[in-house]
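Chain by chain, the residues:
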Amino acid sequence: MNRDLYVAHALVSVDSSYLFLRRRDGHYLGRQWDIPAGTVEDGESPEDAVTRECFEETGLGARCGELIAHYINPDTEGRDLTFHTMTYKLILNDEYSNKQVRLSEEEHDDSKWLCLESAYELPLVWHVRQTLDFVRPK
């Protein structure tokens, strides 16, 4: 029986820079650049999950804004799962406006605040690249 799995992603921006995290080598999508994210737990809303994951992975407190993108795809490893990849705009709480990131080292090994054009030069996770196309000025 196919199961749906929801993963909430955070597009965090301050002024015209966005936060990107490099996935640790040896993990799924290792060495690619991603944004803070994690699985929505049972009984948790995607909006609560995205702010929780942002804090756990970066040490940054934020509040959830609008849903930017929602992709639905089968599991890339062939399991009987359908992934719902949901990306929300996150607004940093005032006390975190200095943008000091404290990485969760088991998942990521680097972070960068970049403008969108510079971000496109990175090896981005597929859905992050597609989501940036939604927010990039035309």
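Residues numbered from 1 in each chain as written. Predicted model: local features only at pLDDT ≥ 70, side-chain atom pairs only at ≥ 80, totals over all residues. Heavy atoms only, no water.

1. A short note on helix H1 (residues 46–58)
Link 1 in the chain: Over its 13 residues, H1 runs 18 Å from end to end, which matches the ideal 18 Å to within 8%, given 1.5 Å per residue.
Link 2 in the chain: Regarding H1, the residues found buried are Pro-46, Ala-49, Val-50, Thr-51, Glu-53, Cys-54, Glu-57 and Thr-58.
Link 3 in the chain: Contacts made by the buried residues of H1 are with strand S1 (3–14), strand S2 (17–23), strand S4 (37–39), strand S5 (62–74), strand S6 (81–92) and strand S7 (108–114).
Link 4 in the chain: Two residues or fewer after H1 comes Gly-59, characterised by a positive phi angle close to 75°. (Helix = DSSP H or I, 4+ residues; strand = E, 2+ residues; numbered from the N terminus. Expected span 1.5 Å × (residues − 1). Buried < 20%, exposed > 50% of the residue type's maximum accessible area, 1.4 Å probe, protein only. Contact = heavy atoms within 4.5 Å.)

2. Topic: unusual backbone geometry
Link 1 in the chain: Non-glycine residue Asp-15 carries a positive phi angle of around 55°.
Link 2 in the chain: Locating Asp-15 in the fold gives a position in the loop between S1 and S2.
Link 3 in the chain: Its relative accessible area of 78% is what places Asp-15 among the exposed residues.
Link 4 in the chain: Not every positive phi belongs to a glycine, and Lys-99 is a case in point at roughly 65°.
Link 5 in the chain: Mapped onto the elements, Lys-99 comes out in the loop between S6 and S7.

3. Considerations on the packing of aromatic side chains
Link 1 in the chain: The tally for this structure, following the rule as stated, stands at one aromatic pair.
Link 2 in the chain: For Lys-99, the ring lying beneath its charged end belongs to Trp-113, and the centroid distance is 5.1 Å.
Link 3 in the chain: Stacked on the ring of Phe-55, the Lys or Arg Arg-102 has its end atom at 5.8 Å from the ring centre. (Phe/Tyr/Trp six-rings, centres within 6.5 Å; stacked < 30°, edge-to-face > 60°. Lys NZ or Arg CZ within 6 Å of the ring centre and 35° of its normal.)

4. Quick notes on the nonpolar core
Link 1 in the chain: The biggest cluster of nonpolar side chains holds 17 residues, and the ones touching the most others in it are Val-12, Leu-90, Leu-92 and Trp-113.
Link 2 in the chain: Put simply, the parts of the chain that give this core at least two residues each are S1, S2, H1 and S6.
Link 3 in the chain: Discounting chain neighbours no more than four positions away, the residues touching Leu-92 are Val-12, Val-14, Leu-60, Gly-61, Ala-62, Arg-63, Lys-99 and Trp-113.
Link 4 in the chain: Counting residues in hydrophobic clusters, the runner-up holds 15 residues, among them Leu-11, Ile-35, Leu-114 and Tyr-120. (Core = buried A, V, L, I, M, F, W, Y, C linked by side-chain atoms within 4.5 Å.)

5. Concerning the side chain of Thr-85
Link 1 in the chain: Along the chain, Thr-85 falls in strand S6.
Link 2 in the chain: If sequence neighbours within four positions are ignored, Thr-85 has contacts with Val-7, His-9, Ala-69, His-70, Tyr-71, Asn-73 and His-127.

6. Concerning the pattern of salt bridges
Link 1 in the chain: Considering all chains together, one arrives at nine salt bridges under this definition.
Link 2 in the chain: One salt bridge connects Arg-52 with Glu-44, and the closest N-O pair in it is separated by 2.7 Å.
Link 3 in the chain: Its relative accessible area of 23% is what places Arg-52 among the partly exposed residues.
Link 4 in the chain: Between Asp-75 and Arg-79 there is a salt bridge, with the nearest N and O atoms lying 2.9 Å from each other.
Link 5 in the chain: The exposure class of Asp-75 is buried, given its relative accessible area of 9%.
Link 6 in the chain: For Arg-79, a relative accessible area of 44% translates into the label partly exposed. (Salt bridge = Lys/Arg side-chain N within 4 Å of Asp/Glu carboxyl O.)

7. Focus: helix H3 (residues 126–135)
Link 1 in the chain: Taken together, the buried positions of H3 are His-127, Val-128, Thr-131 and Leu-132. Seen from one end, H3 has its buried residues packed into an arc of 140°, which puts them on one side. (Arc of directions from axis to C-beta.)

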